[in-house]
Every structure is written in structure tokens, then in C-alpha cells.
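# Reading the structure
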Amino acid sequence: LVMRALQERGVGMVEAAQQPHEHPKWFDQKTQETPWCSGAVTLIKRTALLRTGVFDERLFMYCEDVDLSWRMWSKGYRCIYEPRAKVTHKQGIQSAKGGEREYYLGFRNGLLLRYIYGGVKEYRRYIFGILKIIFLQNDHPWSGKRLLLRALVAHLRYMPHAHRRHIAQLTVPRHRWVRFVGWDYHIRRW
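Residues numbered from 1 in each chain as written. Predicted model: local features only at pLDDT ≥ 70, side-chain atom pairs only at ≥ 80, totals over all residues. Heavy atoms only, no water.

### Comments concerning the overall build of the protein chain
Scanning the protein chain for helices and strands turns up seven helices and three strands. N-terminal to C-terminal, the α/β element order of the protein chain is α-β-β-α-α-β-α-α-α-α. Against the globule reference of 16 Å for 190 residues, the protein chain gives a C-alpha radius of gyration of 17 Å, in line with a compact fold. Counting only C-alpha atoms, the protein chain reaches 50 × 40 × 25 Å along its principal axes. Taking all 190 residues of the protein chain together, 49% fall into the buried category. Within the protein chain, counting contacts between residues at least 6 apart in sequence, those at least 24 apart form 75% of the total. The average position of the 33 basic charges and that of the 16 acidic charges among the side chains of the protein chain differ by 4 Å. (Helix = DSSP H or I, 4+ residues; strand = E, 2+ residues; numbered from the N terminus. Rg over C-alpha atoms; globule rule 2.2 N^0.38 Å. Buried < 20%, exposed > 50% of the residue type's maximum accessible area, 1.4 Å probe, protein only. Contact = heavy atoms within 4.5 Å. Lys, Arg positive; Asp, Glu negative; His and termini not counted. Charge placed at Lys NZ, Arg CZ, Asp CG, Glu CD.)

Put into C-alpha cells, the structure is as follows:
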């Protein structure tokens, strides 16, 4: 990761490959640029971090890495994936699916991220998706629906902060990597 960060111009973050389960997101095969780098295993250049700011504490545990990556892109830094660097990450995609905390924080922080970067339209679309799961999906367990309701209520506490961030984001040129695709933070790697 260090060698790659030193080789490449304009790099702010370099992400390693995770084993046994990789985050399912896209990267450019030629440049290895990626929309966001996973906080599980990423080298962040100090100079870039000083310019963009550190992780947003209100996005604790989930979406904070996407937020930081998108701030990097917005400030002109690149986020790249380095598949030759590998790390074992036991709590990957498979094990995180059943965790209540992961589920709750993922949706709560997803709401905030959509308001900050996507604005009212993207934020509303996400809320309607959550409400559809809660009220119309019979195959979704009640425990999951309860967590979604909790996330909807809990995110309101951070909306003043999200609104300030959204307003500040309006003055920054939008980068092509900063976008949502459905429930995701871009298209999948596979």
C-alpha cells in the first residue's frame, strides 16, 4: 500500500483486497480507481487527510469510509484499489448480514449520506425504500423492520449536521465517482 501510494500521483487513499470476502464494488481495471475505499483496510495519506478532514464521527462504523472517500474525490485526490495487497478481514460481507448493529447503523448512516451527497431527491427515494420494506414486504422479519424504524427516527438527531454538510457540498464540483445506484454507493465489482 505504501509503495502504491508513493508511486501514484494525486492519491489520497489506497485500499487493499479483503479476504475471504471482498467488498462488492467496482474499480477501473486499468487505473484501479474506485468510488470509495473500505475503512477496514485503507492507507490514507496524511497530507490528503489534513486537507479533507478526518472521519465524520456522526457516521460511526458504516458509511464513514464512503464519506471520506467522496470528500477525497471532491478535493482532487484519487482513491485506488490495490489487489496485490491482501488482508484477512473476518467480519466481511457474509458475517455482517445478520448483525443488528450493522443493519441499523448501515441504514441510519445511509440516510445521512444520501442527504449530504444526493440531496432531497435521493434522500426521499431511500426513505420510501425503507418504508416499503417496513409496510409492504411480508417476507422481511419484524426484528429487521423494527431496526429500520429505529434508524429512521435516530437519523433525525443528526440532520442539522447533515444539512450543514449538504450546503457545503453544493459549493464543491461533483465528481463522477460520487453517486448512488439504488441501495448501493456505486455499481458492484462483480
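### Considerations on the nonpolar core
Among the nonpolar cores identified, the biggest contains 40 residues, and Trp-70, Met-72, Leu-111, Leu-113, Tyr-117, Ile-130 and Tyr-185 are the most heavily contacted of them. Secondary structure elements with two or more residues in this core: α3 (64-74), α5 (100-136), α6 (142-154) and α7 (159-169). Not counting residues up to four positions away in its chain, the partners in contact with Leu-113 are Leu-59, Cys-63, Val-66, Asp-67, Gly-118, Phe-180 and Tyr-185. (Core = buried A, V, L, I, M, F, W, Y, C linked by side-chain atoms within 4.5 Å.)

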